[in-house]
Amino acid sequence: MTDPRELERLAIDAATRAGDHLRDHRPRRVEVVATKSSDVDIVTAMDRAAEEMIVEYLLAARPDDGVVGEEGNSRATRSGVTWVIDPIDGTVNYLYTLDDYGVSIAAVQGDPDPRTWTPLAGCVHNPPRRLSYHAAVGHGAFADDRPLRGATSTGLAGALVATGFGYRAERRKRQAEIVTALLGEVRDIRRLGAASLDLCLVGDGRLDAYYERGLSPWDHAAGALIAREAGALVTGADGGPADAEMTVAAGVPLHGELLARLAELDAFSGY
Ligand code: IPD
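Novice: Describe the environment of Arg206, listing the residues and the values that go with them.
Specialist: Looking at the element boundaries, Arg206 is found in the loop between helix 5 (195-203) and strand 13 (209-212). On the accessibility criterion, Arg206 (46% relative accessible area) is partly exposed. The spacing of Arg206 and Thr152 is 54 residues in sequence and 8.2 Å in space, taken between C-alpha atoms. Contacts of Arg206, omitting those with residues within four sequence positions, involve Tyr133, Arg149, Leu160 and Leu201. Within the local environment of Arg206, its side chain forms a polar contact with the side chain of Tyr133, the two groups lying 3.3 Å apart.

Novice: Just give me the short version of helix 2 (residues 45-61), but keep the residues and values in it.
Specialist: For helix 2, built from 17 residues, the straight-helix expectation of 24 Å at 1.5 Å per residue is met to within 8% by its first-to-last C-alpha distance of 25 Å. All of the buried residues along helix 2 are Met46, Asp47, Ala50, Glu51, Ile54, Val55, Leu58 and Leu59.

Novice: Give a description of the site of the ligand that names residues and reports values.
Specialist: Lining the immediate surroundings of the ligand are 16 residues, of which Asp89, Gly90, Tyr167, Ala195 and Glu212 lie closest. In this structure, an oxygen atom belonging to the ligand sits 2.7 Å away from a main-chain N or O atom of Gly90. In this structure, an oxygen atom belonging to the ligand sits 2.8 Å away from a side-chain N or O atom of Tyr167. For the ligand, whose accessible area on its own is 380 Å², the fraction buried by protein is 94%. For the shell around the ligand, the residue count by class is 6 nonpolar, 4 polar and 6 charged.

Calculation criteria
- Residues numbered from 1 in each chain as written.
- Predicted model: local features only at pLDDT ≥ 70, side-chain atom pairs only at ≥ 80, totals over all residues.
- Heavy atoms only, no water.
- Helix = DSSP H or I, 4+ residues; strand = E, 2+ residues; numbered from the N terminus.
- Buried < 20%, exposed > 50% of the residue type's maximum accessible area, 1.4 Å probe, protein only.
- Contact = heavy atoms within 4.5 Å.
- Polar contact = N/O pair within 3.5 Å; in protein donor to acceptor, adjacent residues only side chain to side chain.
- Expected span 1.5 Å × (residues − 1).
- Near = heavy atom within 4 Å.
- Areas by Shrake-Rupley, 256 points an atom, 1.4 Å probe, with all protein chains shown as cover.
- Nonpolar A, V, L, I, M, F, W, Y, C, P; charged D, E, K, R; others polar.

Have a look at this one:
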């Protein structure tokens, strides 16, 4: 079996190269070339260029691996390892020259399905800060060379909780109701705009918790492994793996408190 630390190294290199390109060659006007789930769910020419760079780099090193990329690259694995790639997580931040965006790359074993895969390694690179969060399963999580501090042990009432919103108006309405209820029960709410970074920040103890419904596999594959390797609990609604239904990340016991409150708020279905 491949050493997960080799995959981690590759993920860091690929994410940093793509991140350098995104930062250093950002056109003055970033071109929106397509939309997805709604008119505000955008794809830029830079998302596509970065994904191409990443796929080319990874497959040059490991030609038998599979690929699942947000921008459409898809290739079945022959080695058992699949790369799950979000070339720009936080595309809207990138469009607006806000710093919270990341290149997210994870290597997983098994079918590329968050309910069944085994995450092996991952990197979330933040180009504006030139910072790489990374982890290999069983070997801990780091911000560049610094071991992550680990999740906090705050209770819900004292928690700084991050969340995110989908791109469809109907989903957002319900997400707004849920966050409105929580707002009076926690220290405060943050909406940074990049799920992968939210997860890393929970692992680094710089956010107490993060939850979101509707994530795609590439939004959470790397960040969830990094948060978990840092000591956070990251699950879906049923306490199993995180998935599109729900992703909740926090230390213990906050994770349980937040999950229970989200269940009371009926946050797991119907929107
Ligand atoms: C989005 C970001 C955002 C989250 C959305 C994601 P994208 O990813 O992670 O924070 O709230 O659910 O879709 O579209 O920028 O790759």
